[in-house]
Amino acid sequence: MHNLKPKKYLGQHFLKDLHVARRIAETLDVPEGTDIVEIGPGEGVLTRLLLDVYPKVHVVEIDVDAVRLLRKTFLPEQVHIIHQDVLRWTPEGFDKVGLIGNLPYNISSPFFFQVIEYREKIHEGVFMIQKEVAERIASPHGNKTYGILSILMQTYFDVTYEFSVPPEVFRPPPKVVSGVLKIVPKTEVPEIPFSTLKRVVKQAFSQRRKTLRNALKGVSFEDFEEKEIWWKKRAEELSVEQFAHLAKHLLP
């Protein structure tokens, strides 16, 4: 018996397959004492499995009906409910968190930009999102799917595409295949402001078919050894490390 009616405007597709939910839960691997935060628990299928491993789970849920159901289903000492839009939530007050969740497809890009902003609070993250977006984030350079989010996420995290999830394990089934993505913060990251890197990467991909010489026209950089070689390439041909190097030479 299903308890919640999925709301289209919230992009809700409730996970109903316990086997898939268990695989997602087992993909998260954090040390004892790490705070577990689940994004969008819905009916609590994944939440139950997380509680088999962790003594307490914090959940961020925007839907008032889901919040009511979760309050009826779980004890407060087991599940701490944060009734909030995840795009307005930050892990303030937590030390390190293990983030996990089935994300609505329509918020995945802004959510990951937000994750980068509070990356120092994250121990590890496991997310189920649209397969196409997951593959794009994990894409290596030189690939047509490689883009802005690929570079920005891979600058700060080791990103792994874990496995695909078919539509029929959801209620209602989405029109696309889903994918599970795992992120682990890198121990060493470039010493450049995120805003600077984001500006350079977005400008470079604003006209991705053009060479960097044309795509970055109007943006000034210091001279560096590889500049003339890179200026003949397209944005998708530069690696994550090369973009960081390029951003370091951006003139104010």
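These notes cover the structure that comes with them. In this text the structure is predicted, and so the values were computed from the model without any measurement. Note on numbering: residues in each chain are counted from 1, in written sequence order. Whole-chain, interface and lining totals are the exception, using all residues; otherwise, since this is a predicted model, local features are given only for residues with pLDDT of at least 70 and side-chain atom pairs are given and counted only at 80 or more. In computing side-chain properties, one takes all heavy atoms of the structure into account and sets aside hydrogens as well as water.

### What about the overall build of the protein?
- The way it works is that DSSP assigns letters per residue, a run of H or I at least four long becomes a helix, a run of E at least two long becomes a strand, and they are numbered from the N terminus. A tally of helices and strands in the protein yields 10 helices and 9 strands.
- On C-alpha atoms alone, the protein measures out to a radius of gyration of 20 Å, which is about the 18 Å that the 2.2 N^0.38 rule sets for 252 residues.
- Burial here depends on accessible area, computed with a 1.4 Å probe over protein chains only, as a share of the maximum for the residue type. Under 20% is buried, over 50% is exposed, and the range in between is partly exposed. In the protein, which comprises 252 residues, the share counted as buried stands at 50%.
- Once local pairs closer than 6 in sequence are excluded, the contacts in the protein between residues at least 24 apart make up 66%.
- Here the protein has roughly 13000 Å² of accessible surface; of this, 49% comes from carbon and sulfur atoms.
- Positive: Lys, Arg. Negative: Asp, Glu. His and the chain ends are not part of the count. Working definition for charges: the position is that of NZ of Lys, CZ of Arg, CG of Asp or CD of Glu. Averaging the coordinates of the 35 positive side-chain charges in the protein and doing the same for the 33 negative ones gives two points 9 Å apart. Here the radius of gyration uses the C-alpha set of atoms, whereas the globule reference equals 2.2 Å times the residue count to the power 0.38. Residue contacts follow a heavy-atom distance rule, with two residues in contact if any of their heavy atoms lie within 4.5 Å. Surface accessibility follows the Shrake-Rupley procedure with a 1.4 Å probe radius. Residue values consider only the protein chains on display as shielding.

### Regarding the nonpolar core
- What is meant by a nonpolar core is a set of buried Ala, Val, Leu, Ile, Met, Phe, Trp, Tyr and Cys residues, joined one to another through side-chain atoms within 4.5 Å. Counting 54 residues, the largest nonpolar core has Leu99, Phe111, Phe112, Phe243 and Leu246 as the members making the most contacts within it.
- Excluding anything up to four places from it in sequence, Leu246 contacts Val200, Leu216, Phe221, Phe224, Trp230, Trp231 and Leu238.
- Core analysis: the next-biggest nonpolar cluster, separate from the first, contains 29 residues, Val45, Leu50, Leu51 and Phe170 among them.

### Considering the pattern of salt bridges
- Any carboxyl oxygen of Asp or Glu within 4 Å of a side-chain nitrogen of Lys or Arg constitutes a salt bridge here. As enumerated under the stated definition, the model contains 11 salt bridges in all.
- Here Lys7 and Asp63 are joined by a salt bridge, their closest N and O atoms 3.0 Å apart. Taken together, the residues span a long stretch of sequence, with Lys7 in the segment before strand 1 (14-15) and Asp63 in the loop between strand 3 (57-61) and helix 3 (64-73) at a distance of 56 residues. Each member of the pair, Lys7 as well as Asp63, is classed as buried.
- When salt bridges with common partners are traced through the structure, they connect Lys7, Asp63, Asp65 and Arg68 into a single cluster.

### Considerations on the packing of aromatic side chains
- The pairing test for Phe, Tyr and Trp rings, Trp by its six-membered ring, is centres within 6.5 Å, and the orientation test on the planes gives stacked under 30 degrees, edge-to-face over 60, and tilted for anything in between. Per the counting criterion, the structure on display carries 10 aromatic pairs.
- Here Phe221 and Trp231 contribute two aromatic rings whose centre-to-centre distance is 5.5 Å and whose plane-to-plane angle is 90 degrees, an arrangement assigned as edge-to-face. Note that Phe221 is positioned in the loop between helix 8 (212-215) and helix 9 (227-230) and Trp231 in the loop between helix 9 and helix 10 (240-248), a separation of 10 residues in sequence.
- Among the residues examined, Phe221 registers a relative accessible area of 7% and is labelled buried.
- Look at Trp231 and you get buried, because its relative accessible area is 9%.
- The rings of Trp89, Phe94 and Tyr118 are connected pair by pair, giving a single aromatic cluster.
- It is Arg23 that lies over the ring of Phe163; its NZ or CZ is 3.7 Å from the centre. In this scheme, Lys NZ or Arg CZ marks a charge over a ring once it lies within 6 Å of the ring centre and within 35 degrees of the ring normal.

### As for the side chain of Ser239
- Along the polypeptide, Ser239 turns up in the loop between helix 9 and helix 10.
- The buried category is assigned to Ser239, whose relative accessible area is 9%.
- Sequence-distant contacts of Ser239, that is, excluding residues within four places in its chain, are made with His141 and Tyr146.

### Thoughts on the sheet that holds strand 3
- If you walk across this open sheet you meet the 7 strands as 4-3-2-5-6-9-7, and the pairing is mixed. At either margin of the open sheet sits one strand with a lone partner, and together these are strand 4 (79-83) and strand 7 (157-165). When strand polarity is set aside, the average angle formed by the axes of neighbouring strands in this sheet is 20 degrees.
- At least two DSSP bridges between two strands are needed for those strands to be called paired. One ladder, built from 6 bridges, connects strand 5 (residues 97-102) with strand 6 (residues 122-130); its direction is parallel. When the sheet's bridge partners are listed, Asn102 is paired in strand 6 with Met128.
- Packed onto the sheet, helix 4 (residues 108-117) meets strand 2 (35-39), strand 5, strand 6, strand 7 and strand 9 (178-185) and runs at close to 170 degrees relative to strand 6. Axis definition: a line fitted to C-alpha atoms, limited for helices to the stretch in contact. Angles are taken between N-to-C directions and run from 0 to 180 degrees.

### Thoughts on the packing of helix 4 against helix 7 (residues 194-204)
- At a closest axis distance of 11 Å, the pairing of helix 4 and helix 7 adopts a crossing angle of 145 degrees. In the crossing of helix 4 with helix 7, the sense of the turn from one axis to the other is right-handed. Contacts between helix 4 and helix 7 involve Phe113, Ile116 and Glu117 from the first element and Phe194, Lys198 and Lys202 from the second.
- Under the convention adopted here, Pro, Cys and the residues Ala, Val, Leu, Ile, Met, Phe, Trp and Tyr are nonpolar, Asp, Glu, Lys and Arg are charged, and Gly plus all remaining residues are polar. Taken together, the residues of the contact of helix 4 with helix 7 break down into 3 nonpolar, no polar and 3 charged. A crossing counts as left-handed when the near helix is turned anticlockwise from the far one by less than a right angle, and as right-handed when that turn is clockwise.

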